[in-house]
Amino acid sequence: MRFIGPHVSIKDNIALSAERAHELGATGFAIFTKNQRIWSAPALKESDAEAFRENLEKYGFSPSSVLPHAGYLINPATPDPVLREKSLNLFIDEARRTASLGLNVINIHPGAYKEGEASDGMKRSAGMIDEVLREVDGIKIAIENTAGAGTILGSTFEELDKILSYTIQKDRVGFTLDTAHLFGAGYNVKEHAGKILDDFVSRFGGEKLLGMHLNDSKVPLSSHKDRHESIGLGLIGKEAFLTIVRHRATENIPLILETPDETRWKEEIRLLSEF
Ligand SMILES: [Zn+2]
Ligand SMILES: [Zn+2]
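The text that follows walks through the structure, step by step, so that each part is easy to find.

### A few points about the overall build of the protein
Move 1: For the protein, the count of helices and strands is 9 helices and 10 strands.
Move 2: Relative to the 2.2 N^0.38 estimate, which gives 19 Å for 275 residues, the radius of gyration of the protein is 17 Å and therefore close to what a compact globule would have.
Move 3: For the protein, the C-alpha atoms occupy an extent of roughly 45 × 45 × 30 Å along the three principal directions.
Move 4: Looking at the 275 residues of the protein, the share that counts as buried comes to 54%.
Move 5: By element, 50% of the accessible surface of the protein is carried by carbon and sulfur atoms, the whole surface being about 11700 Å².
Move 6: Averaging the coordinates of the 33 positive side-chain charges in the protein and doing the same for the 40 negative ones gives two points 1 Å apart.

### Thoughts on the sheet that holds strand E4 (residues 105-108)
Move 1: Spatial ordering of the open sheet is given by E1-E10-E7-E6-E5-E4, a layout of 6 strands whose pairing is parallel. Strands at the two margins of the open sheet, each flanked by one partner only, are strand E1 (3-6) and E4. Neighbour to neighbour, the strand axes of the sheet diverge by 25° on average, direction disregarded.
Move 2: In the sheet, strand E7 (residues 209-213) pairs with strand E10 (residues 254-257) via 2 bridges, with the strands oriented parallel. Looking across to E10, one finds that His213 is bridged to Ile256.
Move 3: Most of the contacts of helix H3 (residues 81-100) go to E4, to which it runs at about 150°, and overall it touches E4 and strand E5 (140-144).

Cut-offs and rules
Throughout, residues of each chain are indexed from 1 in the direction in which the sequence is written. For naming, the first written chain is A and the first written ligand is 1, with later ones following in the order written. Where local features are concerned, this predicted model is filtered to residues with pLDDT of at least 70; where side-chain atom pairs are given and counted, the filter is 80 or more; whole-chain, interface and lining totals use all residues. Note that the side-chain values use all heavy atoms of the structure and ignore hydrogens as well as water. What counts as a helix is a DSSP run of H or I of at least four residues, what counts as a strand is a run of E of at least two, and both are numbered from the N terminus. We take the radius of gyration over the C-alpha atoms and set the globule estimate at 2.2 Å times the residue count to the 0.38 power. Classification of residues uses two cut-offs on accessible area relative to the type maximum, computed with a 1.4 Å probe and protein chains only: under 20% is buried, over 50% is exposed, and between them is partly exposed. Areas reported here follow the Shrake-Rupley algorithm with a probe of radius 1.4 Å; residue values treat only the protein chains shown as occluding. Neither His nor the chain termini are counted; the positive set is Lys and Arg, and the negative set is Asp and Glu. One atom stands in for each charge, and that atom is NZ of Lys, CZ of Arg, CG of Asp or CD of Glu. Paired strands are those between which DSSP finds at least two bridges. Comment: axis = line fitted to C-alpha atoms, over the contacting stretch for helices; angle = value between 0 and 180 degrees taken between N-to-C directions. By definition in these notes, contact holds between two residues if any of their heavy atoms fall within 4.5 Å.

Encoded structure:
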């Protein structure tokens, strides 16, 4: 089974997200657990969490088909103690929401180290991941690969491996691979999608791939930029995505569209589900 679907809105009520995904023909989806632009949001009401869990069941989504994305304000690698405290609190809050919603994994960007040594940033990032795992039972954290501009961490398998090596609860840490970020970081997904996934599996093991973000790219290979494009309309091209959804590593994990044109989602889901 392949769990394919877009990152849908939680507007008005988080429970509506499953319905929105279902209407598009999705078999999986992603959400933010709260408004991602603000540091603090009202607590998740148990009645809303319950409605979310009920709707998952109603529309036939298993919890493992849903991949919440932690908000972009969180920087796990920050050297700034004030920002670190705020990031940690928000990350814990979002991880708790994930668990309350009955979900198993939350996706996080490893962050930017801003100054000093990259390895210190990786240690800070790993440290925050461990703190969240200590605070919140029953979930795993998926570190998302990045296109890697400036001091942004996590653009290579080597770096992802290093961050993992600095964590303590390694069995609760895995990865999300974003195809547009891979391409931006210099992994030629267009030509070698299968080989890149094979390399991931031989380095980390298939069980470490907790999800994928399937995005075509507006910007060239190794640009270190992150500009998503609709599937088949960008520089990666349709064929690579068909290779990815056929690969054994993408079985039973959320394969999420973060593509810019919502009017194409239905067609993108159909295309990727057809193989
Ligand atoms: Zn992504
Ligand atoms: Zn991106």
